[in-house]
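# Topology and contacts: notes
As a plain string of letters, each chain reads:
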Number of protein chains: 2
Amino acid sequence: MSLHRIPVVLIGFGNASRRLAELLLERSAIIEEKYHSEIVCTAISTSKHGSIASDEPIDLGKALEAVRQGKKLSSLPGTVPVNDAFEAIEQSRAEIMIETTPLNIKNGEPAISHIKRAFDLGIHVVTANKGPVAFAARDLRLKAEAGKLCFLFESTVMDGMPIFNLVERALPLVEVKSIHGIINSTTNYILTAMEKGNSYEAALTEAQACGVAEADPSLDVEGWDAAVKASVLANSLMNADISPDMVSREGITSIKAEALRVALKKGSKIRLVARIEKRDGKIIARVAPEEIPADDLLYVIDAYSNALILETDLMGTIAMVEQHPNLTQTAYGLLGDLLSIIWVLFR
Amino acid sequence: MSLHRIPVVLIGFGNASRRLAELLLERSAIIEEKYHSEIVCTAISTSKHGSIASDEPIDLGKALEAVRQGKKLSSLPGTVPVNDAFEAIEQSRAEIMIETTPLNIKNGEPAISHIKRAFDLGIHVVTANKGPVAFAARDLRLKAEAGKLCFLFESTVMDGMPIFNLVERALPLVEVKSIHGIINSTTNYILTAMEKGNSYEAALTEAQACGVAEADPSLDVEGWDAAVKASVLANSLMNADISPDMVSREGITSIKAEALRVALKKGSKIRLVARIEKRDGKIIARVAPEEIPADDLLYVIDAYSNALILETDLMGTIAMVEQHPNLTQTAYGLLGDLLSIIWVLFR
């Protein structure tokens with residue numbers, strides 16, 4: 001049986017995208033066998049290593065090596081440099097774009113524009129960037145539908161945990177009535193460390209040292225990351241049309257270690273919880289510290305884990321827990337979406 | 001747009017199947033809208049109320065009413081009585097069979113034969129009966145594949161929680177390396193009640209009174225129910241070919257209330273846990289009471305809930321929790337499978 005050749009363009013080539021490239025190399029044989037497809041990369045755009053396009057498949061192994069060595073991607077043989085992401089998209093002649101540029105918390109750009117350009121060119125889109133779904137979900141969904149294109153974003157919330165795929169494909173007719181959960185790892189880590197007696201500052205330093213928290217932790221500790229994810233969840237699972245600034249938001253910076261210890265003595269824990277509910281026909285989202293009793297599922301979600309609980313009409317209450325995710329899970333979210341599109345293309 | 005008419009045959013018309021009939025009546029408009037399909041019942045076979053077939057759609061509302069009043073189904077106008085399940089299947093001219101006869105713990109019959117007959121006639125199969133997948137998974141899967149037919153059984157484990165659909169459809173390429181969890185409600189209820197100071201006998205009586213345990217609780221308390229579910233999970237998610245008698249099995253009948261209280265003092269709980277693992281390339285399943293520490297996810301699974309934890313290669317450790325399921329969730333498992341088949345038929 002002959003293989004379908006699927007050209008893809010990578011916009012962004014950071015940790016998640018590079019781990020995806022590794023997975024594509026590692027799993028090419030099984031992808032060929034199960035999907036009768038060969039995924040080839042025809043363009044890459046990065047912020048630090050330049051942007052390239054190529055008529056022939058780009059050797060992802062060599063691209064990874066170039067980035068590791070701090071070289072420009074245009075050093076790869078057979079590639080031509082292009083000016084930016086937009087040129088990379090246009091020259092890629094790709095069927096699928098993988099968008100993994102960093103989150104812009106103000107307005108989701110330029111990722112939204114990247115995605116619109118891809119849709120204009122008839123390119124399906126997979127993204128790990130929360131911004132587009134948090135700021136422009138409805139717009140992008142309509143554009144995708146108009147072009148009969150896929151728009152998938154499984155790795156935006158809980159890494160690759162198939163939240164959106166679960167509801168979309170495995171729960172037909174089910175209406176999600178409310179959602180709540182622990183979806184930010186940094187705050188979860190810090191609060192857990194503070195419970196053990198660390199100060200906020202020490203806990204943050206520890207979280208940064210082990211790679212859980214960013215150098216600038218404000219997006220996490222002020223609740224923005226959870227608010228953006230809450231928007232993504234509301235917009236995609238409850239058909240809302242909200243943006244992160246509409247999420248009522250309280251971070252963890254004012255929580256004292258003493259308060260955590262008092263709670264613990266009472267048998268409860270304080271955690272940053274995101275909640276999305278319908279009230280008077282309107283969808284309300286909030287992110288705030290909550291006291292969690294010992295018999296609650298969220299009580300046992302440890303410093304490195306995430307949990308999401310869905311209240312539904314037909315399926316009652318169901319929870320999904322992701323324990324100790326790492327980069328592979330985020331990259332798998334992208335890979336799973338990519339394979340879903342290939343499956344749709346050739347079913 | 002004209003509607004596809006999908007004739008179905010109901011083999012078994014107990015609680016789950018009757019709740020499914022109610023859901024089909026309640027949700028017919030949305031099913032017509034979303035699936036362009038009208039699901040019609042053309043035959044029903046029951047153990048107590050006889051078996052019928054009909055050229056015209058059977059009025060499910062009247063069938064439910066007849067059963068409530070203790071009448072034979074053949075009292076329904078326009079129907080003809082048939083001798084048994086096999087005749088109902090043959091005369092139904094159905095596209096899909098819903099098999100919900102009770103579990104036969106010895107060999108899975110007659111459900112296996114019902115399903116084989118359906119496959120021989122080119123009928124897709126949905127079942128809530130664990131027996132066929134526990135005793136004849138490989139055989140039935142091959143038969144289904146040979147006839148290009150669907151064989152779905154989502155409601156066999158954790159009611160309608162989409163375990164099989166999750167792995168099959170939302171986790172492409174992912175290999176399940178091991179599975180463990182709390183998947184039997186009766187033992188969970190009894191052990192929780194015993195922790196509160198009840199004797200085993202009192203806890204069992206209480207479980208029977210509130211409908212969690214059957215009049216004959218032996219299948220549950222001796223671990224058979226969990227062993228059958230473990231076989232279903234192993235056979236369908238880990239490509240094993242085991243039967244329930246190959247599952248190492250220890251029930252809860254010899255657990256003393258004192259042992260539970262001692263564990264609780266140490267900060268742990270004893271629960272009946274099912275485990276499926278690969279050892280030396282062989283799949284091993286066991287069901288046994290285990291001591292669960294306070295920081296374990298299973299520690300907070302209450303008397304009415306279930307949890308399943310999957311260790312995977314690409315997606316790390318993920319858990320699915322179903323809180324306080326009722327009959328609607330089991331019926332939804334059947335409905336979800338039914339809709340999946342319709343989606344496949346007309347995609």
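Criteria and cut-off values
Residues numbered from 1 in each chain as written. Chains lettered and ligands numbered in written order. Predicted model: local features only at pLDDT ≥ 70, side-chain atom pairs only at ≥ 80, totals over all residues. Heavy atoms only, no water. Buried < 20%, exposed > 50% of the residue type's maximum accessible area, 1.4 Å probe, protein only. Helix = DSSP H or I, 4+ residues; strand = E, 2+ residues; numbered from the N terminus. Contact = heavy atoms within 4.5 Å. Polar contact = N/O pair within 3.5 Å; in protein donor to acceptor, adjacent residues only side chain to side chain. Buried area = accessible area lost by both parts, 1.4 Å probe. Salt bridge = Lys/Arg side-chain N within 4 Å of Asp/Glu carboxyl O. Nonpolar A, V, L, I, M, F, W, Y, C, P; charged D, E, K, R; others polar. Expected span 1.5 Å × (residues − 1). Axes fitted to C-alpha atoms, helices over the stretch in contact; angles between N-to-C directions. Parallel < 35°, antiparallel > 145°, perpendicular 65-115°, else oblique. Least-squares fit on C-alpha atoms with pLDDT ≥ 70 in both. Left-handed = near helix turned anticlockwise from the far one by under 90°. Disulfide = S-S within 2.5 Å.

What follows is about helix H8 (residues 185-195) of chain B. For an α-helix the count is 3.6 residues per turn, leaving residues at separations of three or four pointing the same way. Residues and elements named next belong to chain B. Across the eleven residues that make up H8, a large majority, ten, are buried. Among the residues making up H8, those that are buried are Thr186, Thr187, Asn188, Tyr189, Ile190, Leu191, Thr192, Ala193, Met194 and Glu195. Of the surrounding elements, those touching the buried residues of H8 are strand S8 (176-182), helix H9 (200-209), helix H10 (218-221), helix H12 (257-265) and strand S10 (268-279). Its side-chain oxygen placed 3.3 Å from the backbone nitrogen of Thr186, Asn184 serves as the N-cap of H8.

Each partner contributes residues to the interface: chain B has 42 residues there, and chain A has 42 residues. For chain B, the biggest contributors to the area lost against chain A are Leu173, Leu314 and Tyr332 of chain B; these three give 20% of the whole. Inspection of the region where chain B meets chain A yields two salt bridges. Summed over the shared surface of chain B and chain A, the result is eleven residue pairs in polar contact (both at pLDDT 80 or more). Elements represented by at least two residues in the side of chain B that touches chain A include exactly helix H2 (28-35), helix H7 (163-170), strand S13 (317-323) and helix H13 (327-346) of chain B. Of the residues belonging to the side of chain B that touches chain A, the class tally is 26 nonpolar, eight polar and eight charged.

A separate point is the side chain of Ser243 of chain B. All names here are of chain B. Note that Ser243 resides in the loop between helix H11 (224-237) and strand S9 (248-249). Taking the relative accessible area as the measure of exposure, Ser243 reaches 14% and is therefore buried. Side chain to side chain, Ser243 and Asp245 meet in a polar contact 2.7 Å long. Beyond its immediate sequence surroundings of up to four residues, Ser243 is in contact with Ala134, Phe135 and Ser231.

Looking now at helix H1 (residues 15-26) of chain B. All names here are of chain B. In a regular helix each residue adds 1.5 Å, so twelve residues correspond to 16 Å; H1 covers 16 Å between its end C-alpha atoms and thus fits that length. Within H1 the residues assigned to the buried category are Ala16, Ser17, Arg19, Leu20, Ala21, Leu23 and Leu24. Those residues of H1 that are buried are in contact with strand S1 (4-11), H2, strand S2 (37-45), helix H3 (60-68), strand S5 (96-99) and H13.

For the rest of this paragraph, the subject is the packing of helix H5 (residues 111-120) of chain B against helix H6 (residues 130-146) of chain B. Residues and elements named next belong to chain B. It is at 10 Å that the axes of H5 and H6 come closest, and there the two elements cross at 10 degrees. By the angle between their directions, the pair H5 and H6 is classed as roughly parallel. Two secondary-structure elements touch here, H5 through Ala111, Ile112, Ile115, Lys116, Phe119 and Asp120 and H6 through Pro132, Phe135, Ala136, Asp139, Leu140, Lys143 and Ala144. Taken together, the residues of the contact of H5 with H6 break down into nine nonpolar, no polar and four charged.

Here chain B sits on chain A after a turn of 180 degrees about the axis and a move of 0.0 Å along it, with an RMSD of 0.0 Å. Taken together, the rotation and translation describe the operation of a two-fold axis. Across chain B, the rotation axis passes nearest the C-alpha of Met320 of chain B, at a separation of 2.4 Å. Taken together, the interface assignments show that 100% of the residues at the interface of chain B recur at the interface of chain A, consistent with an identical surface on both copies.

Residue and element names in this part refer to chain B. Direction vectors running N to C along helix H4 (residues 85-92) and H5 enclose 20 degrees, while the axes themselves pass 10 Å from each other. Judged by the angle between their axes, H4 and H5 are roughly parallel. H5 is crossed by H4, and the crossing has right-handed handedness. Of the residues in H5, those touching H4 at Ala85, Phe86, Ile89 and Glu90 are Ser113, His114, Arg117 and Ala118. For the contact of H4 with H5, the per-class residue count stands at four nonpolar, two polar and two charged.

Bringing the state of the cysteines into the picture now. Tallying each qualifying case throughout the model produces zero disulfides over all chains. Here Cys41 of chain A is not cross-linked by a disulfide; its sulfur's nearest cysteine counterpart is in Cys150 of chain A, at 19 Å.

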